Amino acid sequence: MNYSYTILILLIPIAAFLFNGLLGMKFKPIVSGLVGTIGLGIVFLLSWYTAWQYFFVGGMVDGEFPKIIAMSMDWLQFTDKLTIRMGIMLDPISVMMLVVVSSVSFMVHIYSLGYMKGEKGFERFYSFLSLFSFSMLGLVVATNIFQMYVFWELVGISSFLLIGFYYQKPSAVAASKKAFIVTRFADLGFLIGILLLSFFTQTFDFTTLTGADHSIFESGAAKSFMGMSVFTWACLLIFMGGAGKSAMFPFHIWLPDAMEGPTPVSALIHAATMVVAGVFLVARMFPVFFFQAPDALEVIAYVGGFTSLFAAIIACTQYDIKRVLAFSTLSQIGYMILALGVSGYEGHEGVGYMASMFHLFTHAFFKALLFLGAGAIIHAVHSNVMQDMGGLRKYMPITHITFLIACLTISGVPFLSAFFSKDEILVAAFHHNKLLFAVEYLVAGITAFYMFRLYFSIFWGKDTQYHHTPHEAPKVMTIPLMILAIGSIFAGYVPFAKLITADGRPFESHIDFAIAIPSVLIGLVGIGLAMLMYRKETHIPERISIALGGFYKTVYNKFYIDEIYLFITKKIIFNYISRPVAWFDRHIVDGTMNGIGWITLTSAKKIKGLQSGYLPQYGMVFALAAVVFVLIFAFLVR
Amino acid sequence: MIEGIPMTHVLIVSAFMFFAGICGFIIRRNMITILMSIELILNAVNINLVVFNKYLYPDQLQGQFFALFVVGIAAAEASVAIALIINIYRRLNSINVEQVNEMKY
């Protein structure tokens, strides 16, 4: 089976990036838009072709899906043993991610043709989008953990560039810096984790790390540090990187602010692709986590569960529609992380792993749809805030229907895609840990509530008087919405248990009605509550928020996590660490250097009169010195 | 070489020449004169070389050959120095060494 064409999947976006970045200014904006979109269109087709070829033509070898190295070349050769390679690895999850990333990216490229039309920096936008697509695709096909790290950082920088796209807006600049610094801080953990892991296993390769041969772990297995084995530490640190990118608690603070970027960017990066990189990382390293660091996996499950509950509660109180969606993303990624944390490895035990990947897949479609729909609404209303909206269903029929589909999907209404994936996650949680199951069950209800709060506030509710009558978005924006709506209805019918499993071997999965029915019911309860409170303009929400008082205020301010961060960084770190360090630098380090300079300068000033430029004087000094030396040698040195 | 003249006599002549050169180098203001003083110093050294060779190692020739080299070098040095002096004269309209002090701090 020849997969060498997969290199094009990486080359086309980087070529589009270079073209738009270097030459985009020379042409009309639409040229760079079309170059980016057509390039991504080809990548989209190639990715689907790869998936078809991998799953249905190549198929299983000895009953499991193989890991195929489609291409590999030495990038940095340090010593005979230590070589860093760049390459393309195809296995079920990377192929699935190729499909997800290229599809969502393609839809966003098309959509942006309409959404960003007439914006200053159109070609810059498209070049950044291409750069992002390149980095994300490179990340998912990485053959070794080091290549993944390189692309991981590339993804970080393109996210930074896109969040700060409106670089004249101070809030956008602040948000982009925040996103970059928070994720970069987490990546420090990732790097240390990589170094620890590769130091003890002597390899970077995923194939070796996740293979059946566990002998590479023997050298480090006995060593421990502060009561935990070396591999537990390595895995926790690697997960720290993943938590940074996936915005898990306590690194979640950057994601809501990242909504300052253009809405298509939020759809692409902060909903469907980049933020699931952390999930992908854990899934990629899953055998290492499962066999070498089960404790780390337990931590991961709790982090995921906590974040999903925490974010869902905050989402109920926010008014900025993009922020509601951002917190909803946090909550859904929490689901995926939790599912990985509670997963087993073999056969039906690995249902959590499968469910996590499944939810990642379906989430990409409905969350991108929600964001793009929100973009269409913002485009029409010119506001992000819920209070400025209401009654939009009359003006924007297509956006309304697709948004409703997405809301129904995320609420877990039967026979839409998230129903299947969420059910699998709940099954996995139920068999592993009842507490986490209860949390997730509750979150399912809250999710339905806040999504329909959003839906009713935008499309129903009060009849807002608009300055300009809102109009439906142009076709180039509604067509991606419709395609994604079809995706979010039918993505659930992909037989994931047959294709993507922890050990690469398919298993039988079926809907567990004992869990599915209650979860649908709580979803319906959430929807019903939202309908009661927000369908018509009522005073119920107001009264509830007053009744809850302080708690409501805390939640509305996102539990003051940002303020805690600011307190720690500004008050404690700045005052007690940075200031003494700055003092030491300014007075001791600089003082030494300045002192040396001062001594040289002053002594030079004192003796510069000797350089009179007067030749006879030089001759005199020379002659006298010669005499003195002669005397010294004649009388003192014998 | 005249028989009977002691070595010290010749050395006294060379020392006199040497210090005359040093004094000229320091005292005189005219660059050409300074150059001539340098030639005096060099020739004083040449006399020493030849004298020591002749009186101490009469069967060898190194000292005399060395004196020949010094003469060659002195010729080259004189030509370079005169070229410099001509340039300085064109620039400053003077060869007074006191006026050539642009290289001070």
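Because the structure is predicted, anything quoted here is derived from the model rather than measured. (Residues numbered from 1 in each chain as written. Chains lettered and ligands numbered in written order. Predicted model: local features only at pLDDT ≥ 70, side-chain atom pairs only at ≥ 80, totals over all residues. Heavy atoms only, no water.)

Secondary structure summary: chain A contains 26 helices and four strands in total. For chain A, the C-alpha atoms occupy an extent of roughly 115 × 65 × 55 Å along the three principal directions. Out of the 638 residues belonging to chain A, those deemed buried represent 56%. Expressed as a percentage of contacts within chain A between residues at least 6 apart in sequence, the contacts between residues at least 24 apart total 79%. Of the roughly 27200 Å² of accessible surface on chain A, 71% is carried by carbon and sulfur atoms. Each charge class in chain A was averaged separately, 40 positive and 34 negative side chains, and the resulting centres sit 14 Å apart. (Helix = DSSP H or I, 4+ residues; strand = E, 2+ residues; numbered from the N terminus. Buried < 20%, exposed > 50% of the residue type's maximum accessible area, 1.4 Å probe, protein only. Contact = heavy atoms within 4.5 Å. Areas by Shrake-Rupley, 256 points an atom, 1.4 Å probe, with all protein chains shown as cover. Lys, Arg positive; Asp, Glu negative; His and termini not counted. Charge placed at Lys NZ, Arg CZ, Asp CG, Glu CD.)

Bringing the overall build of chain B into the picture now. Scanning chain B for helices and strands turns up three helices and zero strands. Listing the helices and strands of chain B from first to last along the sequence gives α-α-α. Judged by the C-alpha coordinates and their principal axes, chain B covers about 50 × 25 × 25 Å. Sorting the 105 residues of chain B into buried and exposed places 23% on the buried side. Of note, chain B has its 6 positive side-chain charges centred 13 Å away from the centre of its 6 negative side-chain charges.

The pLDDT averaged across chain B works out to 90; a share of 96% of its residues lies at or above 70. Interface predicted TM-score (ipTM) for the complex: 0.81; the corresponding pTM is 0.79. (pLDDT = per-residue confidence, 0-100.)

All names here are of chain A. Here eight bridges tie strand β1 (residues 68-77) to strand β2 (residues 83-90), and the two strands are oriented antiparallel to one another. Bridged to Ile68 within β2 is Leu90. Hairpin remark: β1 followed by β2, antiparallel, with five residues in the connecting loop. (Pairing = 2+ DSSP bridges.)

To continue, consider the side chain of Gln332 of chain A. Residue position: Gln332 of chain A is located in helix α15 (residues 321-341). Among residues more than four places away in sequence, those in contact with Gln332 of chain A are His359, His363, Phe366, Lys367, Ile410, Lys422, Thr447 and Tyr450 of chain A.

Attention shifts here to the pattern of salt bridges. All names here are of chain A. With the rule as written, the count across this model stands at ten salt bridges over all chains. One salt bridge connects Asp74 with Arg85, and the closest N-O pair in it is separated by 2.7 Å. With Asp74 in strand β1 and Arg85 in strand β2, this residue pair connects regions lying eleven residues apart in the sequence. Under the relative-accessibility criterion, Asp74 is labelled partly exposed at 41%. (Salt bridge = Lys/Arg side-chain N within 4 Å of Asp/Glu carboxyl O.)

Turning our eyes to something else, we now look at the interface of chain A and chain B. At the junction of the two partners, chain A supplies eleven residues and chain B supplies ten residues. Summed over both partners, the interface of chain A with chain B comes to about 960 Å²; 73% of that surface belongs to carbon and sulfur atoms. For the pair chain A and chain B, the interface holds two residue pairs in polar contact (both at pLDDT 80 or more). Partitioning the side of chain A that touches chain B into residue classes produces five nonpolar, five polar and one charged. (Buried area = accessible area lost by both parts, 1.4 Å probe. Polar contact = N/O pair within 3.5 Å; in protein donor to acceptor, adjacent residues only side chain to side chain. Nonpolar A, V, L, I, M, F, W, Y, C, P; charged D, E, K, R; others polar.)

With that settled, the discussion passes to the packing of helix α18 (residues 417-432) of chain A against helix α19 (residues 434-459) of chain A. Residue and element names in this part refer to chain A. Two elements in contact, α18 and α19, have axes whose closest approach is 6 Å; the angle formed by their N-to-C orientations is 155°. Judged by the angle between their axes, α18 and α19 are roughly antiparallel. Helix-helix and strand crossings are classified by hand; for α18 and α19 the assignment is left-handed. Contacts between α18 and α19 pair Lys422, Leu426, Ala429, Phe430 and His432 from the former with Lys434, Phe437, Glu440, Tyr441, Ala444 and Thr447 from the latter. Taken together, the residues of the contact of α18 with α19 sort by class into six nonpolar, two polar and three charged. (Axes fitted to C-alpha atoms, helices over the stretch in contact; angles between N-to-C directions. Parallel < 35°, antiparallel > 145°, perpendicular 65-115°, else oblique. Left-handed = near helix turned anticlockwise from the far one by under 90°.)

Residue and element names in this part refer to chain A. One pass over the structure, following the stated rule, counts zero disulfides over all chains. Between Cys407, a free cysteine, and Cys316, which holds the nearest cysteine sulfur, the sulfur-to-sulfur gap is 13 Å. The exposure class assigned to Cys407 is buried, which follows from its relative accessible area of 0%. (Disulfide = S-S within 2.5 Å.)

Attention shifts here to unusual backbone geometry. Residues and elements named next belong to chain A. A cis geometry characterises the amide bond from Phe249 onward to Pro250, with omega recorded as 5°. Locating Pro250 in the fold gives a position in the loop between α9 (230-245) and α10 (254-257). Located in the positive-phi region is Ala247, a residue other than glycine, with phi close to 55°. Structurally, Ala247 can be placed in the loop between α9 and α10. The phi angle at Phe415 is positive, at roughly 75°, despite the residue not being glycine. You can see Phe415 is positioned in the loop between α17 (397-410) and α18.

Residue and element names in this part refer to chain A. Applying the stated criterion to the full structure yields 51 aromatic pairs over all chains. One aromatic cluster in this structure is built from Phe403, Phe452, Tyr455, Phe456, Phe459 and Trp460. Lying over the aromatic face of Phe430, Lys434 brings its terminal NZ or CZ to 4.6 Å of the ring centre. (Phe/Tyr/Trp six-rings, centres within 6.5 Å; stacked < 30°, edge-to-face > 60°. Lys NZ or Arg CZ within 6 Å of the ring centre and 35° of its normal.)

If you look at the biggest cluster of nonpolar residues, it comprises 213 residues, and the most contacted ones within it are Leu197, Met285, Met357 and Ile377 of chain A. Here the element with the most residues in this core is helix α16 (residues 351-381) of chain A; it accounts for 22 residues. Ignoring anything within four residues of it in the chain, the contact list for Ile377 of chain A reads Ile321, His382, Met389, Leu392, Met396, Thr399, Phe403, Ile458 and Phe459 of chain A. Formed by six residues, the second largest nonpolar core is a distinct cluster that contains Met31, Ile34, Ile85 and Val97 of chain B. (Core = buried A, V, L, I, M, F, W, Y, C linked by side-chain atoms within 4.5 Å.)

A word on the environment of Tyr556 of chain A. Residue and element names in this part refer to chain A. Looking at the secondary structure, you find Tyr556 in helix α24 (residues 550-556). Classification of Tyr556 by relative accessible area gives partly exposed; the value is 36%. Non-local contacts of Tyr556, meaning those with residues more than four positions away in its chain, are made with Thr317, Gln318 and Tyr319.

Residue position: His400 of chain A is located in helix α17. Sequence-distant contacts of His400 of chain A, defined by excluding residues within four places in its chain, comprise Arg393, Tyr455, Phe459 and Trp460 of chain A.

So, about the packing of helix α2 (residues 29-58) of chain A against helix α4 (residues 122-140) of chain A. All names here are of chain A. Close contact between α2 and α4 brings their axes to 8 Å; oriented N to C, the two are set at 20°. The angle between α2 and α4 places the two elements in the roughly parallel class. In this structure, the crossing between α2 and α4 has a hand that is left-handed. Contact residues: Pro29, Ile30, Ser32, Gly33, Gly36, Thr37, Leu40 and Val43 in α2; Phe122, Glu123, Tyr126, Ser130, Ser133 and Leu137 in α4. Class assignment of the residues belonging to the contact of α2 with α4 gives a composition of seven nonpolar, six polar and one charged.

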